[in-house]
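Commentary on secondary and tertiary structure
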Amino acid sequence: AEDGYDLWLRYEQAPVELRADYNSQISSIAVLGQGATIAAARQEMATGLSGILDRTVTVGTAMPRGNALVAGTYDELSGLDLESADVGPEGYAITQMRRNGRVLTVIAAESEIGVLYGTFAFLQHLLQGEPIAGMELVSRPATEHRLLNHWDNLDRYVERGYAGQSLWDWHKLPDYLDPRYTDYARANAAIGVNGTSLTNVNANAEVLTPQYLEKAAALADVFRPYGIKVYLTARFSAPIEIGGLETADPLDEEVQAWWQTKTDEIYNYIPDFGGFLVKANSEGQPGPQDYDRNHADGANMLADAVAPHGGIVMWRAFVYAADETQDRAKQAWEEFVPLDGEFRDNVLIQVKNGPIDFQPREPFSPLFAGVEDTTLMMEFQITKEYLGFATHLAYLGTMWEETLDAPAERTGEGETLTVTDMMVSDNDDYTVSAMAGVANIGTDRNWSGSIFDQANWYAFGRLAWDPEQDAETVAREWAAMTFTPEAEFLDPVVEMMMGSREAVVDYMTPLGLHHLMATGHHYGPGPWVDDLGRPDWNPAYYHKADEEGIGFDRSSTGSDAVSQYAPFLREQWDDPATTPDELLLWFHHLSWDYEMGSGRTLWEEIVFYYERGVQKVEAMRTTWDEMAPYVDAERHAQIADFLAIQEKEARWWRNACLAYFMEVSGRDLPDGYDVPP
Ligand code: GCU
């Protein structure tokens, strides 16, 4: 059935008209070498080419004859006298050459995992309808750690998950290994993901007990051939909860010893364990501050425990305190900048893209340009907590590209550095330290809750591999492999994807507004909510709408959050006249009558944007309807139905927000609008 299970590995769908050519180019095929990763590459090559060529393809283990495809490490391929490309420890080079009158297509790498990545790249190339003749592909990851973060609890509930239950069937592990684990690993290897944190950042400490470590080890065994390391969340109070200690104070020797023993135990189960992911002193979670210690004290304790094994600690910067009322957007910077230089080398501070919380649009987190001697890494949210869950179509590649490419700093020489440039790796083989994506994966047959949400998983992997990759190319690749490489389909669908996130911004939170979502679930609109226990849980805290105007004043006359940015940005964003419209109400509280660049008043502009968001979704529906000839009926119908939901809910957002703002401001809809709020 066309249920989306195969993700971007839909080999049967490859363009039929290219088969004859493919067959003539690669009449025999081999993947050289031994080892589990090479076996996985060989298996993938057989499965992939059997699907693409529609015949049973056998993949040999020795140098093949005739026009052939051969994959292997440079060592295995030494007989070919290849010039080795600069592919690094995980990259690959694919080339075509003539040898003694025959055509050889060669996939070469320094390592086994490079061979597997090259194999996937080769197969994907074919799925995108590209010829084999003249193939020249060289690629290596810029980023060292490319991780999914699963927010999965041990009872299989997925926090902010909209795609069913957790994939990890703890009850049946370690003895039953669901074949889905292998398919998960294949899908990830195909996009270069090389790490997975299995448990929720809010999870309890149980996963660190032997019963669960044995299960996690079984998953690690499945993932290992695919180059994927397992990481676990470390609940800071674990020494108390499962260790029987009275404290979790990071400077207490008994606590330190407990973590060391625990870590050694984990490495006994999982020899290549990647390390810990930690949420501490955030939203009520335990942490070093409970003992008057700081983030560095906490992170370093864990870092010392994993260091002898080569592990890392990803310490999250998503912190905000219960008594903070002035401006939550400033807090991460305030807590971490003073600690710059105090973290161990194997600590990475994992920073969400924006200073608040995965909103449809935020400026980048100022922390990215706030430290010099601390390794920073990115945390994106693939699961669409604030962007319409699994039904609204929002391609997030554009959002992530916007953050990664954002100018963040200027050097003394006047060179502009982007957010990506701020995540410097201290490993010479890489330029970027790490990128994490909060997974949108669950037990749904289509993994992600909708077909188009698969694109976000895909885009995360591709951008983690190469943060300079452009979102449009990635969308095109994905759509070609998921549906068809025909231009008549790709052109309009990629255009639709590219505009989709901006449509959500328009109908949910235009012009720099943020966190207008209803409380708790974060799905629909709730700008009127103002009575929750903590001020910063109320949408009203963020929009600050009243009779006079709307917006959060973070300029130098307000919370001064703007001062956390580099001077050139501070200057630009401190003045509403030079603040880009997209961030206007993020940084400024302005009169409803404020005159916009468009000539409209702010109030008219807000109405215009909400209305425009709805219109964009209407246009997306029209586009999709026209794609019926190119897509199987099952997937076409589901996507069409989801777009209908999205349109209905875009109207809901528009109507609810405008009705509320009309009431607060005492204003009517401008002339020409007859929206019925
Ligand atoms: C958001 C989300 C929570 C999550 C938190 C985090 O606030 O709503 O469910 O735990 O982010 O990133 O830790």
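Residues numbered from 1 in each chain as written. Predicted model: local features only at pLDDT ≥ 70, side-chain atom pairs only at ≥ 80, totals over all residues.

Under the convention used in this document: UniProt positions are given in the numbering used here, feature names are shortened, and annotations may be inferred rather than shown by experiment.
In the annotation of an unreviewed UniProt entry, the entry for the protein reads Xylan alpha-1,2-glucuronidase, and the organism field reads Aquisalinus luteolus. For the protein, the Catalytic activity (unreviewed entry) comment in UniProt is given as "Hydrolysis of (1->2)-alpha-D-(4-O-methyl)glucuronosyl links in the main chain of hardwood xylans." You can read under Subunit (unreviewed entry) in the UniProt record for the protein the words "Homodimer."

**Some details on the overall build of the protein**
Short version of the rule: Secondary structure elements follow DSSP: runs of H or I of four or more residues count as helices, runs of E of two or more count as strands, with numbering from the N terminus. To sort residues by exposure, count the other C-beta atoms lying within 10 Å of each residue's C-beta; 20 or more gives buried, 12 or fewer gives exposed, and values between give partly exposed, all with C-beta atoms placed from the backbone. Note that contacts rest on C-beta atoms placed from the backbone: two residues are in contact if these are within 7 Å.
If you tally the helices and strands in the protein, you get 18 helices and 17 strands. For the protein, the spread of C-alpha atoms along the three principal axes comes to 80 × 65 × 55 Å. With 677 residues in all, the protein has 54% of them scored as buried. Partitioning the intrachain contacts of the protein with sequence separation of at least 6 by distance along the chain shows that 72% fall at a separation of at least 24.

**Looking at the pairing of strand 3 (residues 92-99)**
Where we set the bar: A pair of strands counts as paired when DSSP detects no fewer than two bridges linking them.
Pairing analysis gives 3 bridges linking strand 3 to strand 5 (residues 137-139), with the strands arranged antiparallel. Bridging from a neighbouring strand, Ile94 pairs with Leu137 of strand 5. Pairing geometry for strand 3 and strand 4 (residues 102-109), over 7 bridges, is antiparallel. Bridging from a neighbouring strand, Gln96 pairs with Thr105 of strand 4. Between the antiparallel neighbours strand 3 and strand 4 lie 2 residues, among them Asn100 with a positive phi of about 45 degrees.

**Side note on the site of the ligand**
In plain terms, the rule: Only the C-beta atom matters for nearness: placed from the backbone, it must lie within 6 Å of the molecule or strand for the residue to count as near. All amino acids are sorted into three groups, where Ala, Val, Leu, Ile, Met, Phe, Trp, Tyr, Cys and Pro are nonpolar, Asp, Glu, Lys and Arg are charged, and the leftover types, Gly among them, are polar.
Taken together, Glu159, Arg160, Val201, Asn202, Lys279, Phe318, Asp357 and Glu385 make up all the residues around the ligand. Taken together, the residues that form the shell around the ligand break down as 2 nonpolar, 1 polar and 5 charged.

**Comments concerning the nonpolar core**
Spelled out, the test is: Note on terminology: a nonpolar core is a set of buried residues of type Ala, Val, Leu, Ile, Met, Phe, Trp, Tyr or Cys, with members joined through C-beta atoms within 7 Å.
Judged by nonpolar contacts, the single largest core of 214 residues is most densely connected at Tyr92, Ala216, Leu302, Val313 and Ala459. Leaving out residues up to four positions away in the same chain, Ala216 has contacts with Leu198, Val207, Val230, Leu232 and Ile270.

**So, the domain arrangement of the protein**
Selection rule: Annotation comment: domain bounds sourced from an automatic or database domain assignment.
What the domain assignment lists for the protein is domain 1 (11-139), domain 2 (146-482) and domain 3 (510-552 + 589-665). The centre of domain 1, based on its C-alpha atoms, is set 33 Å off from the matching centre of domain 2. Listed by partner, the interface residues are 15 residues for domain 1 and 12 residues for domain 2. Considering every element that reaches the side of domain 1 that touches domain 2, the biggest residue donor is helix 3 (residues 112-127), with 6 residues. Classifying every residue of the side of domain 1 that touches domain 2 by side-chain character gives 9 nonpolar, 5 polar and 1 charged.

**Regarding the sheet that holds strand 15 (residues 432-438)**
Going by this rule: Helix axes are fitted to C-alpha atoms over the stretch in contact, other axes to C-alpha atoms as well, and angles between N-to-C directions run from 0 to 180 degrees.
Read once around its circumference, the closed barrel built from 8 strands follows the order 6-7-8-9-10-11-12-15, with strand pairing classed as parallel. The average undirected angle you get between the axes of adjacent strands in this sheet is 25 degrees. The pairing of strand 12 (residues 376-381) with strand 15 spans 4 bridges and is classified as parallel. Bridge pairing in strand 15 links Glu379 to Ala436. Where helix 8 (residues 295-306) meets the sheet, its contacts fall on strand 9 (275-278), strand 10 (312-316) and strand 11 (347-352), and the angle it forms with strand 10 comes to roughly 160 degrees.

**What to know about the confidence of the model for the protein**
Regions with low pLDDT should not have their predicted coordinates read in detail. Keep this limit in mind: Scored from 0 to 100, pLDDT records how confident the predictor is in each individual residue.
Within the protein, residue pLDDT values average 97, and 99% of them lie at 70 or more. Prediction confidence for the complex, expressed as pTM and ipTM, is 0.98 and 0.99 respectively.

**What about the sheet that holds strand 2 (residues 68-73)?**
The strand order 1-2-4-3-5 describes an open sheet built from 5 strands, whose pairing is mixed. The sheet terminates laterally at strand 1 (28-31) and strand 5, the two strands that pair on one side only. Here the strands of the sheet are splayed against their neighbours by 20 degrees on average, with no regard to which way each runs. The strands touched by helix 3 are strand 2, strand 3, strand 4 and strand 5; relative to strand 3, the strand with the most contacts, the crossing angle is about 70 degrees.

**Considering the packing of helix 4 (residues 179-191) against helix 5 (residues 210-223)**
Let me state the cut-off plainly: Roughly parallel covers angles under 35 degrees, roughly antiparallel covers those over 145, roughly perpendicular covers 65 to 115, and oblique covers all other angles. A crossing counts as left-handed when the near helix is turned anticlockwise from the far one by less than a right angle, and as right-handed when that turn is clockwise.
Between helix 4 and helix 5, whose axes approach to 9 Å, the crossing angle comes to 50 degrees. In terms of orientation, helix 4 lies oblique with respect to helix 5. Pair helix 4 / helix 5 crosses with right-handed handedness. Taken together, the residues of helix 5 that come into contact with helix 4 (itself represented by Tyr181, Thr182 and Ala185) are Leu219, Val222 and Phe223. Here the residues of the contact of helix 4 with helix 5 sort into 5 nonpolar, 1 polar and no charged.

**Let's talk about the packing of helix 13 (residues 487-508) against helix 17 (residues 602-626)**
Packing of helix 13 against helix 17 brings their axes to within 8 Å, and their N-to-C directions diverge by 155 degrees. In this view, helix 13 runs roughly antiparallel relative to helix 17, as classed from their interaxial angle. As for how helix 13 packs across helix 17, the hand of that crossing is left-handed. Here Pro492, Met496, Gly499, Ser500, Ala503, Asp506 and Tyr507 of helix 13 lie close against helix 17, whose contacting residues are Tyr609, Tyr610, Arg612, Gly613, Val614, Lys616, Val617, Met620 and Thr623.

**Let's talk about the pairing of strand 8 (residues 229-233)**
Successive side chains on a regular strand alternate, one facing one side of the sheet and the next facing the other. Put simply, the rule reads: When the strands point away from the viewer and the connection leading from the first strand across the helix to the second strand turns clockwise, the crossover is called right-handed.
Taking burial as the measure, the 5 residues of strand 8 include 5 buried ones, the bulk of the element. In this region the chain leaves strand 7 (residues 195-197), passes through helix 5 and returns to the parallel neighbour strand 8; the handedness of that crossover is right-handed.

**Some points on unusual backbone geometry**
Backbone torsion omega between Leu173 and Pro174 reads 0 degrees, so that peptide bond is classified as cis. Following the sequence through the fold, Pro174 ends up in the loop between strand 6 (143-149) and helix 4. Within the chain, Phe358 stands out as a residue other than glycine whose phi angle is a positive 55 degrees. Within the chain, His515 stands out as a residue other than glycine whose phi angle is a positive 55 degrees. Tracing the backbone shows His515 in the loop between helix 13 and helix 14 (539-543).

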